[in-house]
Amino acid sequence: MDITSFIIYCFIVTVTPGPTNISTAYFDLNVMWLALNEEKAIPRNDINQSYTHIAFSIEEQEFDKMYDKLKRLNVNILSGRPRDERDKKSIYFMDPDGINLSFIQGHYKTD
């Protein structure tokens, strides 16, 4: 497994790591588990145009800090989708395993 994936989830997304080995890592998201498995035989760019992603809420004051952390790790930051100017900011990015993620200011249920 690419160590950058582990770093992204532990130190940027800040989820609790669970059992981990050379090709698998599990993360505790309180109400569910996220499992990363190294799959060397699967092309990682097959769904790169998909909007499907895992979103994490962040506070407005955390936005620039999160963006800077991702840039420092050379994470693939995506362009996202067109948004209304009134929408809060989002950062769309892809982990080294090809999983699309985002940080969004606020929460979809309350914004």
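Everything quoted here is computed from the prediction, not taken from an experiment.

K.L.:
Explain the packing of aromatic side chains residue by residue, including any values.
P.N.:
Given two aromatic rings, one states the distance between the centres and the angle between the planes to describe the pair. Per the stated rule, a full pass over the model turns up two aromatic pairs. Ring pairs connect the aromatic residues Phe-56, Phe-93 and Phe-103, which therefore count as one cluster.

K.L.:
Help me get a handle on unusual backbone geometry, residues and values and all.
P.N.:
A positive phi angle, close to 55 degrees, is found at Asn-74, a residue other than glycine. Examined against the element boundaries, Asn-74 turns out to sit in the loop between helix H2 (63-72) and strand E5 (76-78). Looking at Asn-74, the relative accessible area reads 70%, which means it is exposed.

K.L.:
Can you tell me about the nonpolar core, naming the residues and giving the values?
P.N.:
Judged by nonpolar contacts, the single largest core of 22 residues is most densely connected at Ile-8, Tyr-9, Val-13, Phe-27, Leu-70, Phe-93 and Phe-103. Looking at this core, the elements that each hand over two or more residues are helix H1 (3-12), strand E2 (24-28), strand E3 (33-37), strand E4 (54-58), H2, strand E6 (90-94) and strand E7 (100-105). Among the elements that line this core, the one with the most residues is H1, at five residues.

K.L.:
Which residues make up the sheet that holds strand E1 (residues 16-20), and what values do they have?
P.N.:
Spatial ordering of the open sheet is given by E1-E2-E3, a layout of three strands whose pairing is antiparallel. Across the chains shown, the open sheet's two edge strands, defined by having one partner strand only, are E1 and E3. Strand-to-strand twist across the sheet, computed as the mean angle between neighbouring axes with direction ignored, equals 25 degrees. In this structure, E2 lies alongside E3, joined through five bridges in antiparallel fashion. Each bridged residue has a counterpart across the sheet, and for Thr-24 the counterpart in E3 is Asn-37.

K.L.:
Go over H2, please, and point to the residues and values.
P.N.:
Within H2 the residues assigned to the buried category are Phe-63, Met-66 and Leu-70. On an axial view of H2, the arc spanned by its buried residues comes to 70 degrees, and they lie on one face. Summarising the geometry of H2, the exposed residues directed more than 90 degrees from the buried face are Asp-64, Lys-65 and Arg-72. Positioned one or two residues after H2, Asn-74 has a phi angle of 55 degrees, which is positive.

K.L.:
Account for the environment of Tyr-9, naming residues and giving values.
P.N.:
Along the chain, Tyr-9 falls in helix H1. Judged by its relative accessible area of 0%, Tyr-9 is buried. Placed 16 residues apart in sequence, Tyr-9 and Ala-25 show a C-alpha to C-alpha distance of 10.0 Å. In this structure, Tyr-9 is in contact with Thr-14, Val-15, Phe-27, Leu-34, Leu-36, Asp-95, Ile-99 and Leu-101, ignoring residues within four places of it in sequence.

K.L.:
Hey, could you go over the pairing of E7 for me, with residue numbers and the actual values?
P.N.:
Counting buried positions along E7 yields five of six residues, so the element is predominantly enclosed. For E4 and E7, the ladder comprises five bridges, and the chain directions are parallel. From the neighbouring strand, Ser-57 faces E7, where its bridge partner is Ile-104. Alignment of E6 against E7, held across five bridges, turns out to be antiparallel. Counterpart to Met-94 in the pairing with E7 is Asn-100. Counted along the chain from E6 to the antiparallel partner E7, the turn is five residues long, and its residue Gly-98 has a positive phi close to 85 degrees.

Rules used throughout
Residues numbered from 1 in each chain as written. Predicted model: local features only at pLDDT ≥ 70, side-chain atom pairs only at ≥ 80, totals over all residues. Heavy atoms only, no water. Phe/Tyr/Trp six-rings, centres within 6.5 Å; stacked < 30°, edge-to-face > 60°. Helix = DSSP H or I, 4+ residues; strand = E, 2+ residues; numbered from the N terminus. Buried < 20%, exposed > 50% of the residue type's maximum accessible area, 1.4 Å probe, protein only. Core = buried A, V, L, I, M, F, W, Y, C linked by side-chain atoms within 4.5 Å. Pairing = 2+ DSSP bridges. Axes fitted to C-alpha atoms, helices over the stretch in contact; angles between N-to-C directions. Arc of directions from axis to C-beta. Contact = heavy atoms within 4.5 Å.

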